[in-house]
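Structural characterization, general
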Amino acid sequence: MYFDHSATTPVHSDVQDLINIIQKEVYGNPSSTYSIGKDALLLLEKSREQVAKSINTVPAKIIFNSGGTEANNQVLWSMIGSNKNHVISNEIEHPAVTKVLQRLKKFGLEHCLIKVNKNGFINIDELKSKIKKNTGLISIMLANNEIGTIQPLEQVVKIAKKHDILVHTDAVQCLGKMSIDVQKLGVDFLSLSAHKFYGPKGVGALYAKNPKILKPLIIGGNQEGSLRSGTENIPYIAAMCLASEIATKSLKKNILHIKSIEKQFKQKLQSNFRNIIFNGSQSQKLPGLISISFPGFSSNILIIKLDREKIYVSNGSACGSGMVKPSHVLKAIGLDEPTNLSTLRFSFGISNNFKEIETLIHILKNKILK
Ligand code: PLP
């Protein structure tokens, strides 16, 4: 039973079928000028249209890449050399933002990380107070990967525009779980990753309102408007774009389904276990992503026990070199260390069902939380 869709999702069967067909039949290099190269180019551009449509933009503003990490990196590294060399971000960003900012100090990019409250929301007044004359970028994720909190991005953009500051948002967790409209959001850059919406791993896209202000991270044969060189991974790009279309077309239905699974799970948890804590906002958050602390239990041990039952969830903590560290997100929302280390993240997906929830609760009650 797979309850870790925020880590990654299984590939949709139609998407897998498309990969198999394209891998075999559309093998030309899209930069080649003969007909099978043109076929590949045509498919590449059709795919760009598909993903652009799913976030309400035009194909020219989409750059294909290897995923969310690369998209975030490209935006942040592009700030080097700018005379507006100050970036505002926040404490609960993914390391593909915070660690990059840390590294970029060496290259003259300053930054500050604003705080979040106990529900996981950034403080808009603090954001305003951190703006300096040389602030060139605000990078705030659309929704958090550990607790699901959806940030007030439209407010952020409104403030940023008053000061002529660019806005980037890491929306890696969002496609397929909430509607994404870049025009409504008003952001300058937005990061996407296929493997979070039933597409393959290692492929993603960056939306740029004005791609000309970006700089390439990878230099070579001038693909992707010279912003991301390297022969395009046509099968995976086409797969991602089909996955984005499927995810957007079935958005309402999927949200309803995942929300009802979440509701059932929460109700059953509350009626069977006292003492559990739901972390972060329970209203303004992604559907199906729930962070729960089980005081008195170690999340690490819970995960091992659940794994033995073939139940897959993740903990809120970052594992590095075998050591379990408290999660920076849970720390930022005020959890003490023991509670932090007793937290699990459940993230439901489209193939989960009520029967699985019943089994999960039964196993938690009789085998795990005893
Ligand atoms: N940003 C967020 C919020 C994520 O959850 C992840 C992946 O877990 C990433 C970025 C990294 O994306 P990718 O795995 O495509 O590099």
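Computed from a predicted structure; not experimentally measured. (Residues numbered from 1 in each chain as written. Predicted model: local features only at pLDDT ≥ 70, side-chain atom pairs only at ≥ 80, totals over all residues. Heavy atoms only, no water.)

1. Section: the site of the ligand
Neighbouring residues of the ligand: Gly67, Gly68, Thr69, His94, Met141, Asn145, Asp170, Val172, Gln173, Ser193, His195 and Lys196. Between the ligand and Thr69, the relevant distance is 2.5 Å, taken from an oxygen atom to a side-chain nitrogen or oxygen of the residue. A distance of 3.0 Å separates an oxygen atom of the ligand from a polar atom in the side chain of His195. The fraction of the free accessible surface of the ligand (390 Å²) that becomes covered by protein chains is 85%. Counted by class, the shell around the ligand contains 2 nonpolar, 8 polar and 2 charged residues. (Near = heavy atom within 4 Å. Polar contact = N/O pair within 3.5 Å; in protein donor to acceptor, adjacent residues only side chain to side chain. Areas by Shrake-Rupley, 256 points an atom, 1.4 Å probe, with all protein chains shown as cover. Nonpolar A, V, L, I, M, F, W, Y, C, P; charged D, E, K, R; others polar.)

2. Details of the sheet that holds strand S5 (residues 166-170)
Pairing is mixed in the open sheet, where 7 strands are placed in the order S1-S7-S6-S5-S4-S2-S3. The open sheet has two free edges, formed respectively by strand S1 (62-65) and strand S3 (110-114), since each of these has just one partner strand. Going from strand to strand, the sheet's axes swing by 20° on average, the running direction of each strand aside. Sheet analysis places strand S2 (residues 86-90) next to S3, joined by 5 bridges and oriented parallel. (Pairing = 2+ DSSP bridges. Helix = DSSP H or I, 4+ residues; strand = E, 2+ residues; numbered from the N terminus. Axes fitted to C-alpha atoms, helices over the stretch in contact; angles between N-to-C directions.)

3. Remarks on helix H4 (residues 95-104)
An α-helical segment advances 3.6 residues per turn. Residues three or four places apart therefore align on the same side. Where H4 is concerned, the buried positions are Ala96, Val97, Thr98, Val100, Leu101 and Leu104. In this structure, the buried side of H4 is in contact with helix H3 (68-77), S2, S3 and strand S4 (135-139). (Buried < 20%, exposed > 50% of the residue type's maximum accessible area, 1.4 Å probe, protein only. Contact = heavy atoms within 4.5 Å.)

4. Looking at the pairing of strand S7 (residues 204-208)
Counting buried positions over the 5 residues of S7 gives 5, a clear majority of the element. Because side chains alternate across S7, one face comprises the buried residues Gly204, Leu206 and Ala208, and the other comprises Ala205 and Tyr207, equally buried. Strand direction decides the pairing type here: S1 and S7, joined by 4 bridges, are antiparallel. Bridge pairing in S7 places Phe64 opposite Ala205. Across 5 bridges, strand S6 (residues 189-193) lies against S7 in antiparallel orientation. Looking at S7, one finds that Ser193 is bridged to Gly204.

5. Looking at the pattern of salt bridges
The full count for this structure, using the stated rule, is 11 salt bridges. Residue Asp4 pairs with Arg345 through a salt bridge whose shortest N-O separation is 3.0 Å. On the criterion of sequence distance, the pair formed by Asp4 in the segment before helix H1 (13-25) and Arg345 in strand S13 (residues 343-347) is long-range, its members being 341 residues apart. The burial state of Asp4 is the same as that of Arg345; both residues are buried. With a closest N to O distance of 3.4 Å, Glu309 and Lys367 form a salt bridge. Of this pair, Glu309 sits in the loop between helix H10 (299-308) and strand S10 (314-315) while Lys367 sits in helix H13 (residues 354-368), placing them 58 residues apart in sequence. Here the salt bridges share partners, and the residues they tie into one network are Glu45, Arg48 and Glu224. (Salt bridge = Lys/Arg side-chain N within 4 Å of Asp/Glu carboxyl O.)

6. Here we look at the domain arrangement of the chain
The domain boundaries assigned to the chain delineate domain 1 (13-249) and domain 2 (251-368). Using C-alpha coordinates to define each centre, domain 1 is positioned 28 Å away from domain 2. In this complex, domain 1 contributes 27 residues to the contact, which on the side of domain 2 involves 21 residues. Roughly 2100 Å² is buried in total at the junction of domain 1 and domain 2, and carbon and sulfur atoms are behind 60% of that figure. Its largest share of buried area at the contact with domain 2, domain 1 owes to Glu146, Ile147 and Lys177, together 34% of the area lost on that side. (Domains from an automatic or database assignment. Buried area = accessible area lost by both parts, 1.4 Å probe.)

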